[in-house]
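Remarks on the overall topology
Spelled out from the first residue to the last, the chains are:
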Amino acid sequence: MTVLLPGVALTDHVFTVPLDHADPGGPTIEVFAREAVDPAKQDQDLPWLLFLQGGPGGKAPRPVAADGWLGHALKTHRVLLLDQRGTGRSTPLTARTVAGTDTELAARLRHFRADAIVADAELIRRELCGDRQWETLGQSYGGFVTLTYLSRAPEGLKACYVTGGLAGLDATADDVYSRTYPRVREKVDRYFARYPGDSARLDAIAAHLRREKVELPDGDVLTVRRLQSMGLCLGMSDGAEYLHWVLEEAWNGERLSDLFLYEVMMATGFVGNPLYAVLHESIYAQGASTAWAAHRLLPEEFAEEAEPLLPTGEMIYPWMFDEIAALRPFRGAAEMLAAASDWPALYDPVRLAANRVPVAAAVYYDDMYVDEGLSMRTARAVGNVRTWVTNEWEHDGVRVSGGQVLARLMDTVNGVHGS
């Protein structure tokens, strides 16, 4: 069935794929994807653009119209919005669907990294396109997946666009977080400079939480460290404003307001994307264990007892699997994944160095989530990559730029812009 929205026709697709691509005769899962096309071009033989969502553990966007980057892409392409395995309408892995022992769950989760996503994509490409190549747009973690795609199946790719997602090819989780904490501190300092009263607001809320037990609407206890995790948003274009407005309405007399508690629950609860937390450090794992890198490397200035209290960023901590309802069923498996030291390689440096698939990448100079230094090191190590380094946009530039970021990258591949 096809649904028509302003400027876009949407058609659902469901694909059956192996849980473990090394065992094609074994258990299967479903992967969902939504095709988007300009209604006036539905019958045309258009090239395909596969959108690889950020995350990990995030579902594809749900369009309401042909606007933003999607509207630009639909001028020339048929777009496939992929719910990566375990997310959205693909066979879900959530607190309600997990089953089996911790060991069994950990073994299952190992099949939900970028290598499996790429194998899914290749099965889907052959079903939709036959032998034709397609293009990809990888946002954030979608760029990490792109590098794995170029390592494992470049023959399926005509061109790749990456926005804020050039991963460090050999960077460990320790390398990533040793670079990330200073960038988070810079974002926090900018936030407090923009909204000087918010530091005192955070300290006042933290003091209240230390004195009294406060429950969120779902029954989780709001702790100081969970309050700190609200800082995850500060790397987005509207993150400072979002956090400011939430804090501005935090109080109802001497009690924290229902609105504030609901906002914190929704922002930090992982109900819709538990895999983001469960698999987060494993996206940096190749061989060595991550051993809860963000927790081990936490600077004293970010401690929950510190004053002023500093928000944290894109870090996952072991305490989250005790304190957050949507993550508790994953606790034992998450511990096993953090300890695992036999992770297969996600990238092939030799094959990437010889890459001939055109790659255009937007590297955000002030990116809080993906280090610009590691991104540029990768750009130099991968063949046929052209980068556009900019501080005009934050990490969500492709979403908020009205199509400008994607247009620039497409022009780069088509030779309009230089490297």
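In short, a report on the structure. (Residues numbered from 1 in each chain as written. Predicted model: local features only at pLDDT ≥ 70, side-chain atom pairs only at ≥ 80, totals over all residues. Heavy atoms only, no water.)

Things to note about the overall build of the protein chain
Helices and strands together make up the secondary structure of the protein chain, namely 17 helices and eleven strands. Expected size for 419 residues packed as a compact globule is a radius of gyration near 22 Å; at 21 Å, the protein chain falls within 12% of this value. Its C-alpha atoms give the protein chain principal-axis dimensions of about 65 × 45 × 45 Å. Going through the 419 residues of the protein chain one by one, you find that 56% of them count as buried. If you sum the accessible surface of the protein chain, you get close to 17300 Å²; carbon and sulfur atoms cover 50% of it. (Helix = DSSP H or I, 4+ residues; strand = E, 2+ residues; numbered from the N terminus. Rg over C-alpha atoms; globule rule 2.2 N^0.38 Å. Buried < 20%, exposed > 50% of the residue type's maximum accessible area, 1.4 Å probe, protein only. Areas by Shrake-Rupley, 256 points an atom, 1.4 Å probe, with all protein chains shown as cover.)

Looking at the pattern of salt bridges
Taken as a whole and judged by the stated rule, the model has 28 salt bridges. The partner of glutamate 394 in a salt bridge is lysine 187, and the shortest N-O contact between them spans 2.9 Å. Of this pair, glutamate 394 sits in the loop between strand 11 (385–390) and helix 16 (397–400) while lysine 187 sits in helix 5 (residues 173–194); the two residues are 207 residues apart in sequence, bridging distant segments of the chain. The shortest N-O distance in the salt bridge between glutamate 335 and arginine 331 comes to 2.3 Å. Placement of both glutamate 335 and arginine 331 in helix 13 (residues 331–339) is noted, with a separation of four residues, approximately one turn of the helix. Put simply, Asp12, Arg34 and Arg89 are held in one network by salt bridges that share partners. (Salt bridge = Lys/Arg side-chain N within 4 Å of Asp/Glu carboxyl O.)

Considering unusual backbone geometry
Of note, the amide linkage connecting glycine 55 to proline 56 takes the cis form, showing an omega dihedral of 10 degrees. Note that proline 56 resides in the loop between strand 4 (48–52) and helix 1 (68–73). Of the consecutive residues glutamate 307 and proline 308, the connecting peptide bond is found in the cis state with omega at -5 degrees. By the secondary structure assignment, proline 308 is in the loop between helix 11 (293–296) and helix 12 (320–323). The phi angle at alanine 291 is positive, at roughly 50 degrees, despite the residue not being glycine. Turning to its location among the elements, alanine 291 is positioned in the loop between helix 10 (274–279) and helix 11. A positive phi angle, near 65 degrees, is found at asparagine 384, a position not held by glycine. Tracing the backbone through its elements, the reader meets asparagine 384 in the loop between helix 15 (372–381) and strand 11.

Considerations on the packing of helix 8 (residues 239–248) against helix 9 (residues 258–268)
Close contact between helix 8 and helix 9 brings their axes to 9 Å; oriented N to C, the two are set at 145 degrees. By crossing handedness, the relation of helix 8 to helix 9 is classed as left-handed. Together, Tyr242, Val246 and Leu247 of helix 8 and Phe260, Glu263 and Ala267 of helix 9 make up the contact between the two elements. Its residues assigned to classes, the contact of helix 8 with helix 9 comprises five nonpolar, no polar and one charged. (Axes fitted to C-alpha atoms, helices over the stretch in contact; angles between N-to-C directions. Left-handed = near helix turned anticlockwise from the far one by under 90°. Contact = heavy atoms within 4.5 Å. Nonpolar A, V, L, I, M, F, W, Y, C, P; charged D, E, K, R; others polar.)

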